[in-house]
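Examining the three-dimensional arrangement
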Amino acid sequence: AIGTEDAYNNMISALTASPKPSSKVTAALAAALGRAKVAAAVPALTEAIDMAAGMGSDQTSIDANNANKEIARALTDIGDPKAAGEIIRLLRASQDNYVRIEAINALSKFKDPAAAEVLIDIVNDVRLEPFLIKKALLALGDLKSESAMDTLIWMLFYEQRGTTFFPESSMGIFKMGDRAVDPVIAILEGTNKELMARAKEEKVKRSAMLAKAAQILGDLGRRKAVRPLI
């Protein structure tokens, strides 16, 4: 019966069986194991990821991507950070937006610092849909990785086809706490030369930069910001 340890062990065995189960069966097994949060299933789930799933409209590609999506969601539900490495690989390999979303959700939960690089790459890829960039920014905030600071700061001001990323990037900066104060003060003082040059090139208004920096410093609430604000 579903819900017993033997049943879950049978599902795990089915995932790793030879020949491999179909993508539809894999998706169903992953969904069941994820809902039950079966920690022992993590190795089998990561092994079942199809890194070669294509972007075609044929049923084989659709089923393979759906299976990858369910695996990533299951690994998120289980919450074992040991799966982070394979999820990072999946996020780099996949071209399916639904798979990418579930992979980003997983990395946000795992909080593995190694995920910062691939998330920064997602944010900086202007070819991607804005909602993916927003998800990656929120995940970077959850990681609280200082390596993401420059990216988060630039995304305060960057717009893509009329879409602003200020809410997501400002939240990420806020989560950095004390580590964010000096970089945001540098926006007020204009001492971040690389940022200022980029802003000039992209025609970002100085008044907008001051306003957004002030808002974040107000949220951070550190006394160190008082004099630069005055």
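Above this text is the structure in question.
Only a predicted model underlies this, so the values are computations on that prediction, with no experimental measurement involved. (Residues numbered from 1 in each chain as written. Predicted model: local features only at pLDDT ≥ 70, side-chain atom pairs only at ≥ 80, totals over all residues. Heavy atoms only, no water.)

A short note on the overall build of the chain
- The number of helices and strands found in the chain is 14 helices and two strands.
- Considering only C-alpha atoms, the chain reaches an extent of 70 × 35 × 20 Å along its principal axes.
- A burial count over the chain gives 49% of its 230 residues as buried.
- Taking contacts inside the chain between residues at least 6 apart in sequence as the whole, the part at least 24 apart equals 67%. (Helix = DSSP H or I, 4+ residues; strand = E, 2+ residues; numbered from the N terminus. Buried < 20%, exposed > 50% of the residue type's maximum accessible area, 1.4 Å probe, protein only. Contact = heavy atoms within 4.5 Å.)

Describing the side chain of Asn68
- Tracing the chain through its elements places Asn68 in helix H4 (residues 59-78).
- At 2.8 Å, the side chain of Asn68 and the backbone oxygen of Asp50 are in polar contact.
- Every residue in contact with Asn68, bar those within four places of it in the chain, is listed here: Ile49, Asp50, Ala53, Leu90 and Val99. (Polar contact = N/O pair within 3.5 Å; in protein donor to acceptor, adjacent residues only side chain to side chain.)

Overview of H4
- Along its 20 residues, H4 runs 28 Å from first to last C-alpha, staying within 8% of the 28 Å computed at 1.5 Å per residue.
- Counted residue by residue, H4 has 14 buried out of 20 residues, so it is predominantly covered.
- Taken from the residues just after H4, Gly79 is the one with a positive phi, measuring 80°. (Expected span 1.5 Å × (residues − 1).)

Comments concerning a positive patch on the surface
- Residues Lys37, Lys109, Lys111 and Lys144 make up a contiguous surface patch of positive charge.
- By the secondary structure assignment, Lys144 is in the loop between helix H8 (130-143) and helix H9 (149-154).
- For Lys144, a relative accessible area of 42% puts it in the partly exposed group. (Patch = residues over 30% accessible without salt bridge, like charges linked within 9 Å, V, L, I, M, F, W, Y side chains within 5 Å. Areas by Shrake-Rupley, 256 points an atom, 1.4 Å probe, with all protein chains shown as cover. Salt bridge = Lys/Arg side-chain N within 4 Å of Asp/Glu carboxyl O. Lys, Arg positive; Asp, Glu negative; His and termini not counted. Charge placed at Lys NZ, Arg CZ, Asp CG, Glu CD.)

Things to note about the environment of Arg198
- Mapped onto the secondary structure, Arg198 falls in helix H12 (residues 193-201).
- Between the C-alpha atoms of Arg198 and Trp154, which are 44 residues apart in sequence, the distance is 8.7 Å.

Overview of the packing of helix H5 (residues 84-93) against helix H6 (residues 97-110)
- Remark: H5 packs on H6, axes separated minimally by 9 Å, with the N-to-C direction vectors making an angle of 150°. The pairing of H5 with H6 is recorded here as roughly antiparallel in orientation. For the pair H5 and H6, the sense of crossing is left-handed. Across from Ala84, Ile87, Ile88, Leu90 and Leu91 in H5, the residues of H6 making contact are Val99, Arg100, Ala103, Ile104, Ala106, Leu107 and Phe110.
- The residue makeup of the contact of H5 with H6, split by class, is 11 nonpolar, no polar and one charged. (Axes fitted to C-alpha atoms, helices over the stretch in contact; angles between N-to-C directions. Parallel < 35°, antiparallel > 145°, perpendicular 65-115°, else oblique. Left-handed = near helix turned anticlockwise from the far one by under 90°. Nonpolar A, V, L, I, M, F, W, Y, C, P; charged D, E, K, R; others polar.)

Thoughts on the pattern of salt bridges
- Scanning the entire structure with this criterion turns up 12 salt bridges.
- A salt bridge links Arg73 to Glu102; its shortest N-O distance comes to 3.0 Å. Here Arg73 is found in helix H4, whereas its partner Glu102 is found in helix H6, with 29 residues between them in sequence.
- Assessed through its relative accessible area of 32%, Arg73 is described here as partly exposed.

Looking at the packing of helix H2 (residues 23-35) against H4
- Running from N to C, H2 and H4 cross one another at 15°; their axes reach a closest spacing of 8 Å. When the axes of H2 and H4 are compared, the pair comes out roughly parallel. Of the two elements, H2 crosses H4, and the hand of that crossing is left-handed. Residues Ser23, Lys24, Thr26, Ala27, Ala30, Ala31, Leu33 and Gly34 of H2 form the contact with H4, whose participating residues are Asp63, Ala64, Asn66, Ala67, Glu70, Ile71, Ala74, Asp77 and Ile78.
- Within the contact of H2 with H4, the residues separate by chemical class into nine nonpolar, four polar and four charged.

Thoughts on the nonpolar core
- Counting residues in each nonpolar core, the largest one holds 75 residues, and the members touching the most others are Leu33, Leu45, Ile87, Leu107, Leu119 and Ile187.
- The residues contacting Leu45, other than those within four sequence positions of it, are Leu15, Ala30, Leu33, Ile71, Ala74, Leu75 and Ile78. (Core = buried A, V, L, I, M, F, W, Y, C linked by side-chain atoms within 4.5 Å.)

Some details on unusual backbone geometry
- Of the consecutive residues Ser18 and Pro19, the connecting peptide bond is found in the cis state with omega at 0°.
- Along the chain, Pro19 falls in the loop between helix H1 (5-15) and H2.
- Here Lys37, not a glycine, exhibits a phi torsion of approximately 55°, which is positive.
- By the element assignment, Lys37 lies in the loop between H2 and helix H3 (42-47).
- If you check the backbone angles, Lys111 has positive phi at about 55° while not being a glycine.
- Structurally, Lys111 can be placed in the loop between H6 and helix H7 (116-124).
- With a relative accessible area of 45%, Lys111 lands in the partly exposed category.

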